[in-house]
Amino acid sequence: MSKQTALQWFLDKLPHSIETQFSEQIQEALKMEREQIEDAYYEGKEYGFKEQGEQYYNETYGGNNEK
């Protein structure tokens, strides 16, 4: 089962009109959040590789930034 990030949880609470109005900014924020999570994973692993960070994100958060 996938977990939700704090940003994903927050976005689920927004009215649809806000999501529509700021969809480009929301997608950019989701992309930035994913990169931060993957970077934190890499830094936490002494010999981590990019693919491992992507795999961790996909397994933990469902692999996409789409609502």
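The notes below deal with the structure included here. (Residues numbered from 1 in each chain as written. Predicted model: local features only at pLDDT ≥ 70, side-chain atom pairs only at ≥ 80, totals over all residues. Heavy atoms only, no water.)

## A word on a negative patch on the surface
In step 1: The grouping of E24, E28, E35, D39 and E43 at the surface amounts to a negative patch.
In step 2: Topologically, E24 is positioned in helix 3 (residues 23–44). (Patch = residues over 30% accessible without salt bridge, like charges linked within 9 Å, V, L, I, M, F, W, Y side chains within 5 Å. Areas by Shrake-Rupley, 256 points an atom, 1.4 Å probe, with all protein chains shown as cover. Salt bridge = Lys/Arg side-chain N within 4 Å of Asp/Glu carboxyl O. Lys, Arg positive; Asp, Glu negative; His and termini not counted. Charge placed at Lys NZ, Arg CZ, Asp CG, Glu CD. Helix = DSSP H or I, 4+ residues; strand = E, 2+ residues; numbered from the N terminus.)

## Structural notes on helix 3
In step 1: Over its 22 residues, helix 3 runs 32 Å from end to end, which matches the ideal 32 Å to within 8%, given 1.5 Å per residue.
In step 2: Along helix 3, the positions that sit buried rather than exposed are I26, L30, E33, R34, I37, E38 and Y42. (Expected span 1.5 Å × (residues − 1). Buried < 20%, exposed > 50% of the residue type's maximum accessible area, 1.4 Å probe, protein only.)

## Things to note about the side chain of E33
In step 1: Position of E33 among the secondary structure elements: in helix 3.
In step 2: One buried charged residue, E33, forms no salt bridge at all, with the nearest opposite charge on R34 at 9.5 Å.
In step 3: Polar contacts involving the side chain of E33 include one to the main-chain amide nitrogen of L7, which spans 3.5 Å.
In step 4: With residues up to four places along the chain from it excluded, the contact list for E33 reads T5, A6, L7 and Q8. (Polar contact = N/O pair within 3.5 Å; in protein donor to acceptor, adjacent residues only side chain to side chain. Contact = heavy atoms within 4.5 Å.)

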